[in-house]
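Descriptive analysis of the structure
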Amino acid sequence: MSDVNLAEDIQADRSKMHVSDTDVAIEITGMNKWYGDFHVLRDINLKVMRGERIVICGPSGSGKSTMIRCINRLEEHQKGRIVVDGIELTSDLKKIDEIRREVGMCFQHFNLFPHLTILENCTLAPIWVRKMPKKQAEEIAMHYLERVKIPEQANKYPGQLSGGQQQRVAIARSLCMNPKVMLFDEPTSALDPEMIKEVLDVMIGLAEEGMTMLCVTHEMGFARKVANRVIFMDQGQIVEQNEPEPFFTNPQHERTQLFLSQILNH
Amino acid sequence: MSENTFAYVATSEKPQLPPPQGTTGAVGWARENLFSSPLNTILTLISVFVVFSTVPGIFNWAFVNSVWNANSLDECRALTENGACWAVIRERYHQFLFGFYPTELYWRPILAFVLLFVALVPALWDGMPKRGAALMASMTYPFVAFWLIWGGFGLEPVSSTKLGGLLLTMIIGVSGISFSLPIGIVLALSRSSNLPIVKSLAVIFIEFIRGVPLITLLFVAHVLLNYFLPKGVNFDIVLRVVIMVTLFASAYMAEVIRGGLAALPKGQYEAADALGLSYWQSMRLIILPQALKISIPGIVNTFIGLFKDTTLVLIIGLMDPLGLVAPTLADQRWNGIFVELYAFIAFMFFIFCFAMSRYSMYLERKLHTGHR
């Protein structure tokens, strides 16, 4: 698969990535979810320590996106507990907003706001949610736009940017809220191959700074270099999880072996 | 070359050449837009024929042969066989503008009309300095206008029965337009909400209002409301009509805006949620600006429809411009003059509707920020 090869030449410095032993970022216990009669998530248990970089993979329809979307309540779970940064996620709107403030998310289709400039996209949430003065919000936004290497686009509209640039803006937009956890839902799936690397580079930079990340992706090169844990999901369950090296070289479960052989041997 | 066309590769940089002759400029435009196919050519010729056989006649009737100075239709006809008799408009235009409003008080509706545009400036011009304060000042306009037109508090009171003509159209149209948009937005949000009771109330209201002709609602305002209201409570007929027209237009407005809400990708809602914006913040900052932009053609369509529907009030005896045709014809001197009166009324409506339409086109262009 060309995408995999393209990501092979990315560089990541694992020594900088530190995982906390005691500080829990997310704890999911016995989570279940149904769409009508369809049981999409079955008994999910997952504990994420501060600083962990977790890559979630699996065939389409396996519930990977649904699982991470439950963490910031874009999807509602019907059974089980989700605790994010010490706050339990219930139907209490205040708790939901509190968690959403601490959890950043990037989408497959970027979901930038097309009627606002890049800078306004980035300052909107800090100004309205964090009640930050406009000037300070703009300084922070410019800082993160420089981080993702597109400060010169600040006054353009999303429609004028390439896909890769838009996704980097989306990452900057999340970072402006200074989140404790970042969720990535297939951030490179809608991008042309030549733009995948620029987005992955930004994500690696984040990992090196110690960001806790949950990433649904099929970029196996990224998983190998950045993740400290790879989770394989199938039919709504976590089928296998391991450190990347043993996960790729010696998958235990039959379904994992089949999946890996399908995406790696092209 | 020929044996190589299958595996052709450019061996040198090709220079940029001008386009072939006749594809640009006036000739190119005409060729492409007027004569691109046999059907197009036939349609072009038919259109040219229709224009040439009608426009000169209308022009002659309206301008060349028209009469401006006469005291009756007979005098007009004596002066010209086939020209418009604008003398009637010249004599009675003030009635078509103000109805039976006392002549010496005309300055009040005129001032109200001028102030309307002053009040509109902050709403329509978003780059205005001190816009927030100006908008607050604009909010007082309805009260000022009400005071100017109906009087009271130091001004001589004028009864609603004296209102008529364009003045009445403007009162009903402008109030209907300015109240139906916010009510429509609230209804559209209610109808798309997850709260079952709010949602069903919105659905019932919208479906009921849309299912009933406006004339029925006007009759309700005219006759039935007296039975429902407690004894002694009797508010003004014009106010009752304004309420009914507003409710009627807001039901349509709600559906137009709901279309805009439905056209937004789900990702916009999700991105707003994921950033931690509250429901009202995400509606105000993310969803409505985009949904309203998509809905501009439909919104303006509803506005124009509402403005023209105000003529229906003649059914319940209010003297809107169309309602004033009958009293004019009742005058012995002008009996039999139809076309000129209706043409004048049509012209008045056209000015306002066309202005709204142009503003909406300007707004759409201005809000265009590239494809998403």
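The paragraphs below set out a description of the structure included in this document. Once a new chain begins, its residue numbering starts again from 1 and follows that chain's sequence as written. Starting at A for chains and at 1 for ligands, labels are handed out in the order in which the entities are written. Totals for whole chains, interfaces and linings use every residue, but because this is a predicted model, local features are given only for residues with pLDDT of at least 70 and side-chain atom pairs only at 80 or more, for both listing and counting. As a convention, hydrogens and water are excluded, and side-chain values are obtained from all of the structure's heavy atoms.

Considering the interface of chain B and chain A
Every contact between the two is made by 20 residues of chain B and, on the other side, 23 residues of chain A. Throughout this description, the term salt bridge denotes a Lys or Arg side-chain nitrogen within 4 Å of a carboxyl oxygen of Asp or Glu. The interface formed by chain B and chain A contains one salt bridge. A salt bridge links B:Glu270 to A:Arg69, with the shortest nitrogen-to-oxygen separation between them at 2.6 Å. Whenever a nitrogen or oxygen atom comes within 3.5 Å of another N or O atom, the pair is scored as a polar contact, on the condition that within protein one atom can donate a hydrogen and the other can accept it, and that pairs from neighbouring residues in sequence are kept only if both atoms are in side chains. Remark: the boundary between chain B and chain A carries six residue pairs in polar contact (both at pLDDT 80 or more). For helices the rule is a DSSP run of H or I covering at least 4 residues; for strands it is a run of E covering at least 2, with both sets numbered from the N terminus onward. Listing elements by their share of the side of chain B that touches chain A, those giving two or more residues are helix H12 (266-274) and helix H13 (279-309) of chain B. Of the residues forming the side of chain B that touches chain A, the biggest block, eight residues, is contributed by H12(B). Any two residues having at least one pair of non-hydrogen atoms within 4.5 Å are treated as being in contact.

Section: the state of the cysteines
By convention in this document, the label disulfide applies to cysteine sulfur atom pairs within 2.5 Å. Here the structure, examined in full by the defined rule, presents one disulfide over all chains. Covalently, B:Cys76 is tied to B:Cys85 through a disulfide, its sulfur atoms 1.9 Å apart. The S-S bond linking B:Cys76 to B:Cys85 shows a torsion near 65°; that makes this disulfide right-handed. Accessibility assignment for this pair places B:Cys76 and B:Cys85 in one class, buried. Sulfur of A:Cys57: no disulfide; nearest cysteine sulfur belongs to A:Cys215 and is 10 Å away. A:Cys106 provides the cysteine sulfur closest to A:Cys215, a residue in no disulfide bond, and the two sulfurs are 9.2 Å apart. What makes A:Cys215 buried here is its relative accessible area of 1%. The rule is simple: take the accessible area with a 1.4 Å probe, protein chains only, and divide by the maximum for that residue type; under 20% is buried, over 50% is exposed, in between is partly exposed.

Some words on the sheet that holds strand E3 (residues 53-57) of chain A
All names here are of chain A. The strand order across the open sheet formed by six strands is E6-E7-E8-E3-E9-E10, and the pairing between neighbours is mixed. Strand pairing shows two members of the sheet lacking a second neighbour, strand E6 (103-106) and strand E10 (237-242), which therefore form its edges. For this sheet, the mean inter-axis angle between neighbouring strands, taken without regard to orientation, is 20°. Axis definition: a line fitted to C-alpha atoms, over the contacting stretch in the case of helices. Angles run 0 to 180 degrees between N-to-C directions. In this fold helix H6 (residues 163-175) packs onto E6 and strand E7 (181-185), with an angle of close to 170° to the strand it touches most, E6. Here the rule is simple: two strands pair whenever DSSP picks up at least two bridges between them.

A word on the pairing of strand E9 (residues 229-234) of chain A
On a regular strand, one side chain projects to one face of the sheet and the next to the other, so that they alternate. All names here are of chain A. With six of six residues buried, E9 is to be regarded as a mostly interior element. Alignment of E3 against E9, held across four bridges, turns out to be parallel. Following the sheet pairing, Val55 is matched in E9 by Val230. Relative to E10, E9 runs antiparallel, the two being bridged by five bridges. What sits directly across from Asp234, in E10, is Gln237. Hairpin connection, E9 to E10: the antiparallel pair is bridged by two residues, and Gln235 has positive phi, about 50°.

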